[in-house]
Structures are given as structure tokens and as C-alpha cells.
Amino acid sequence: GAGVSQSPSNKVTEKGKDVELRCDPISGHTALYWYRQSLGQGLEFLIYFQGNSAPDKSGLPSDRFSAERTGGSVSTLTIQRTQQEDSAVYLCASSLRQQQYFGPGTRLTVT
Amino acid sequence: AQSVSQHNHHVILSEAASLELGCNYSYGGTVNLFWYVQYPGQHLQLLLKYFSGDPLVKGIKGFEAEFIKSKFSFNLRKPSVQWSDTAEYFCATSTAGNTGKLIFGQGTTLQVKP
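Residues numbered from 1 in each chain as written. Chains lettered and ligands numbered in written order. Predicted model: local features only at pLDDT ≥ 70, side-chain atom pairs only at ≥ 80, totals over all residues. Heavy atoms only, no water.

A. Summary view of the state of the cysteines. Scanning all chains against the criterion turns up 2 disulfides over all chains. Each disulfide pairs two cysteine sulfurs, and for Cys23(A) the partner residue is Cys92(A), the sulfurs being separated by 1.9 Å. Taking the sign of the S-S torsion, -65 degrees for the link of Cys23(A) and Cys92(A), the bridge is left-handed. One end of the pair, Cys23(A), is in strand E3 (residues 19-24); the other, Cys92(A), is in strand E8 (residues 88-95), and 69 residues separate them in sequence. The same class applies to Cys23(A) and to Cys92(A), which are both buried. At a sulfur-sulfur separation of 1.9 Å, the disulfide partner of Cys23(B) is Cys91(B). Here the S-S torsion is close to -65 degrees, and the disulfide linking Cys23(B) with Cys91(B) is therefore left-handed. (Disulfide = S-S within 2.5 Å. Helix = DSSP H or I, 4+ residues; strand = E, 2+ residues; numbered from the N terminus. Buried < 20%, exposed > 50% of the residue type's maximum accessible area, 1.4 Å probe, protein only.)

B. Inspection of the nonpolar core at higher detail. One finds Trp35(B), Leu47(B), Leu48(B), Phe74(B), Leu76(B) and Tyr89(B) to be the most contacted residues of the largest nonpolar core, which totals 27 residues. Every element with two or more residues in this core is listed here: strand E2 (10-14), strand E3 (19-21), strand E5 (31-38), strand E6 (45-50), strand E8 (64-68), strand E9 (73-78), strand E10 (87-95) and strand E12 (108-113) of chain B. If one sorts the elements of this core by residue count, E5(B) sits on top with 4 residues. Among the nonpolar cores identified, the runner-up in size contains 20 residues, and Leu21(A), Leu46(A), Ile79(A) and Leu108(A) belong to it. (Core = buried A, V, L, I, M, F, W, Y, C linked by side-chain atoms within 4.5 Å.)

C. How the structure looks around the pairing of strand E4 (residues 31-38) of chain A. Residues and elements named next belong to chain A. Among the 8 residues of E4, 8 are classified as buried, and the element is accordingly described as predominantly covered. The alternating pattern of E4 places Ala31, Tyr33, Tyr35 and Gln37 on one face and Leu32, Trp34, Arg36 and Ser38 on the opposite face, and all of these are buried. From the end of E4 to the start of strand E5 (residues 42-50), which pair antiparallel, there are 3 residues. (Pairing = 2+ DSSP bridges.)

D. Highlighting unusual backbone geometry. Cis rather than trans, the peptide bond between Ser7(A) and Pro8(A) has omega equal to -10 degrees. Tracing the sequence through the fold places Pro8(A) in the loop between strand E1 (5-7) and strand E2 (10-13). Of note in this structure, Arg81(A) is not a glycine but carries a positive phi near 50 degrees. One can find Arg81(A) in the loop between strand E7 (75-79) and E8. The phi dihedral of Lys61(B) is positive, around 60 degrees, even though this residue is not glycine.

E. Quick look at the packing of aromatic side chains. Overall, the coordinates contain 16 aromatic pairs over all chains when judged by the stated rule. Considering the side-chain rings of Phe34(B) and Phe51(B), the 5.8 Å spacing of their centres and the 75 degrees angle between planes classify their relative orientation as edge-to-face. A residue pair is termed long-range when its members are at least 10 positions apart, and Phe34(B) in strand E5 and Phe51(B) in the loop between E6 and strand E7 (56-58) qualify at 17 residues. Accessibility expressed as a relative area gives 1% for Phe34(B), which makes it buried. Classification of Phe51(B) by relative accessible area gives partly exposed; the value is 28%. Through successive ring pairs, a cluster of aromatic residues spans Tyr33(A), Tyr35(A), Phe45(A), Tyr48(A), Phe102(A), Phe34(B), Tyr36(B), Phe51(B), Phe90(B) and Phe104(B). (Phe/Tyr/Trp six-rings, centres within 6.5 Å; stacked < 30°, edge-to-face > 60°.)

F. The sheet that holds E3(A), seen in detail. Residues and elements named next belong to chain A. Across the sheet, which stays open at both edges, the 4 strands sit in the order E1-E3-E7-E6 with antiparallel pairing between neighbours. Only two strands of the sheet have a single neighbouring strand rather than two, namely E1 and strand E6 (65-69). Here the average twist between neighbouring strands, direction ignored, is 15 degrees. With 3 bridges connecting them, E1 and E3 associate as antiparallel partners. Paired with serine 7 across the two strands is arginine 22, which belongs to E3. (Axes fitted to C-alpha atoms, helices over the stretch in contact; angles between N-to-C directions.)

Geometric descriptors of this kind do not, in isolation, establish any biological role.
Next up, the structure:
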């Protein structure tokens, strides 16, 4: 079956611009996670959505980062006023029962 | 705060050698434990997981891991590696009953020479 998909696969943006990253989870998965993979910090949790509950935003590094999940399915991670330190691979994962399935990621480069 | 340590950052082995990658976690309560693998150019895939029960867990591609509660460890092993095992390996934990968010170790790059 289809896995987690993410778009775009690569994004190059200028410092100060806003970007939106999209995640399509596996159909029927109620939980959705965003992580960031960067050279200096490894893999870091950003935000978690579960059904209609309030999201766990405890991993978001600053208020420039936000995410939403519409209709319990697709999610968008938005980074406002991008900085060079935002350059990383942004990974999305979805799960039904504790096992998370990861997408291919979006490589973000801020120039 | 919960954390995961992987002591081997870069491991180089010849084919048929045995592999053991160390993983230690810091949380004193009940944890779920995972090993993920990322092959070159591919996305993260689950190798194996431990939630409860038999502390010796078998995963895909001949990998296994042993949960030793007294040592807060979950080391990954494979008796005989292949060139195709060249990849980056991540140990991760989540605390049982919480959101399930994963805390990852820094990763170990394994290079297997043919």
C-alpha cells in the first residue's frame, strides 16, 4: 500500500522567506509526527497530532514554526522568516499503534 | 530529560564480521525501544522494536537486540554483516503510554567493506 508521502522533496529558499512543507500520512493512521534531521542536532521531534486532540508542540524550536492538520489527514509544517539554521531534512511519520512509518523527507536549504 | 546515547559514531567492518552497536537510554520508567535504519538515499525504516516481554527481540534482515533493564541498554547485533547493511542506524525510545514521540540517538554510520 501507499506509504507516507511528503512534498516537495527539495526546497531551496532565501533567508527571510516563508516555506510550507506538506505531509500525506498513511490512510487511516490517526497519529502524525514531524521531526527534523540536521547535521548538528541529529533527529529531533517537532510536533505531534493525534485525532482531534490538541497537538503536542513541545518540540517546535521557535514561534516561527507552526503546523496544522486538516481533516485528520494531510499536515502542513510552516516556517516563517526562514533562517540558515533551519536548513535540514524535515521528516513526517504516521502511526496507528505506536509503530511510526516515516516519509522520505523534505530537504530544506536556506540560502 | 529523556535521552539516548549511541556510543559508536562510525563503524567499519568487513563482510561476515559480527556487529554490535551500543545504545543506552536515560529514562527510569517504562520505555518502548526501537532501532531504525536509513539506507543511502532511502527513508527511515524500522528494524525492530521492544515494548514488553522477551528482552531478546528479533527484527528484519537477521538483526536482533537485547533489552537489559539494569544497564538501561538496547544493543543491536548481527552475527554476520553484508555489504548491503551499509547504512545509518538509529536507536530511539518513547515512554510507554505517552504520545509516542520518539527520542533518537545521534546515529551510527556502518560501512561494510566487500
